[in-house]
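Structural overview for review
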Amino acid sequence: MNRTLRKRTAKILCLVVFATIAMLAIWTQIPKTKYRNLSVKEIDQWIVKGMTSESVAQILGAPDSIDPNLWHYHNARQSRKVSETFIPAAFCVMFDDSDRVDGVIKGPVP
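Residues numbered from 1 in each chain as written. Predicted model: local features only at pLDDT ≥ 70, side-chain atom pairs only at ≥ 80, totals over all residues. Heavy atoms only, no water.

**Description of the pattern of salt bridges**
What counts is decided by this rule: The rule for a salt bridge is simple: a side-chain nitrogen of Lys or Arg has to be within 4 Å of a carboxyl oxygen of Asp or Glu. Secondary structure elements are taken from DSSP: a helix is a run of H or I of four residues or more, a strand is a run of E of two residues or more, and numbering for both begins at the N terminus.
The final tally for this structure, using the stated rule, is three salt bridges. Between Asp44 and Lys106 there is a salt bridge, and its shortest N-O distance comes to 3.0 Å. Here Lys106 lies in strand β6 (residues 101–107) and Asp44 lies in helix α2 (residues 40–46), a separation of 62 residues in the sequence. Linking Lys49 and Asp102 is a salt bridge whose minimum nitrogen-to-oxygen distance equals 3.8 Å.

**Examining the packing of aromatic side chains**
Operational definition: The aromatic pairing rule takes the rings of Phe, Tyr and Trp, using the six-membered ring of Trp, and pairs them if the centres are within 6.5 Å, calling planes under 30 degrees apart stacked, those over 60 edge-to-face and the rest tilted.
Within the structure shown, the criterion is met by two aromatic pairs. Considering the side-chain rings of Tyr73 and Phe91, the 5.2 Å spacing of their centres and the 20° angle between planes classify their relative orientation as stacked. Taken as a pair, Tyr73 in strand β2 (residues 70–74) and Phe91 in strand β5 (residues 90–95) lie far apart in primary sequence, 18 residues in all.

**Description of the sheet that holds β6**
To be explicit about the condition: At least two bridges found by DSSP between two strands is the condition for calling them paired. Think of each axis as a best-fit line through the C-alpha atoms, taken over the contacting stretch in the case of a helix, with angles from 0 to 180 degrees between the N-to-C directions.
Ordered by their spatial adjacency, four strands build an open sheet running β1-β2-β5-β6, and the pairing between neighbours is antiparallel. Only two strands of the sheet have a single partner each, and these edge strands are β1 (65–67) and β6. The sheet shows a mean angle of 20° between the axes of neighbouring strands, taken without regard to direction.

**Comments concerning the side chain of Asn75**
To keep it simple, the criterion reads: By definition in these notes, contact holds between two residues if any of their heavy atoms fall within 4.5 Å.
Inspection of the secondary structure puts Asn75 in the loop between β2 and β3 (80–82). Ignoring any residue separated from it by four or fewer positions in sequence, one finds Asn75 in contact with Tyr35, Arg36, Asn37, Leu38, Ile87, Pro88, Ala89, Ala90 and Phe91.

**Remarks on the nonpolar core**
It is characteristic of soluble globular proteins that their nonpolar side chains tend to be buried jointly. Keep this limit in mind: Buried residues of nine kinds, namely Ala, Val, Leu, Ile, Met, Phe, Trp, Tyr and Cys, make up a nonpolar core once their side-chain atoms join them within 4.5 Å. Relative accessibility thresholds used throughout: buried, under 20% of the residue-type maximum; exposed, over 50%; partly exposed, between the two (1.4 Å probe, protein chains only).
With 12 residues, the main nonpolar core is built from Leu38, Ile43, Ile47, Met51, Val56, Leu60, Trp71, Tyr73, Phe91, Val93, Phe95 and Val101. Put simply, the parts of the chain that give this core at least two residues each are α3 (53–60), β2 and β5. Ranked by residues supplied to this core, first place goes to β5 with three residues. When residues no more than four places from it in sequence are discounted, the contact partners of Phe91 are Leu38, Ile43, Leu60, Trp71, His72, Tyr73, Asn75, Val104, Ile105, Lys106 and Gly107.

**Structural notes on a positive patch on the surface**
To be explicit about the condition: Exposure above 30% relative accessible area and the lack of any salt bridge qualify a residue for a patch; like charges then connect within 9 Å, and the nonpolar side chains Val, Leu, Ile, Met, Phe, Trp and Tyr within 5 Å. Residue burial considers only the protein chains on display, and all accessible areas are found by Shrake-Rupley using a 1.4 Å probe. Positive charges come from Lys and Arg alone, negative charges from Asp and Glu alone, with His and the N- and C-terminal ends not counted. Every charge is mapped onto a representative atom, which is NZ of Lys, CZ of Arg, CG of Asp or CD of Glu.
Taken together, the side chains of Arg3, Arg6, Lys7, Arg8 and Lys11 make up a positively charged region of the molecular surface. Along the chain, Arg6 turns up in helix α1 (residues 2–29). Arg6 gets classed as exposed once you look at its relative accessible area, which sits at 57%.

**So, a nonpolar patch on the surface**
A grouping of Leu13, Val17, Phe18 and Ile21 is seen on the molecular surface, where their side chains present a nonpolar patch of about 420 Å² in accessible area. The topology assignment puts Phe18 in helix α1.

**Considerations on α3**
Operational definition: Summarising the geometry, the arc corresponds to the directions from the helix axis toward the C-beta atoms.
Ser53, Val56 and Leu60 are the residues of α3 that are buried. The buried residues of α3 all sit within an arc of 55° when viewed along its axis, so they share a single face. Looking at α3, the residues exposed on the side facing more than 90 degrees away from the buried face are Glu54 and Gln58. Buried-residue contacts for α3 involve β2, β5 and β6. Among the residues trailing α3, Gly61 stands out with phi positive, at a value near 85°.

Pasting the structure below:
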């Protein structure tokens, strides 16, 4: 009786440990990217030439990555067209030397 109880307890404990490890492995693989899903029209309305980088950060939040004079934003899982509206997968805000918006690159285009 005692051996049976130990074997059953050991099996249950092993299952719990393996299930926990599997859940942790799955959880760490889930992308943590937050998508905005802004349309081209919304991007063009909100980000205009001459804005400061502080204004852009207030509107869009912190960029996903930064290169010199270029902020990269993840926008959607895939570029797609919904009705008359195009939603780019990503867009970049370009800044001039005085830290003002010089333009916006939207894409990739499907």
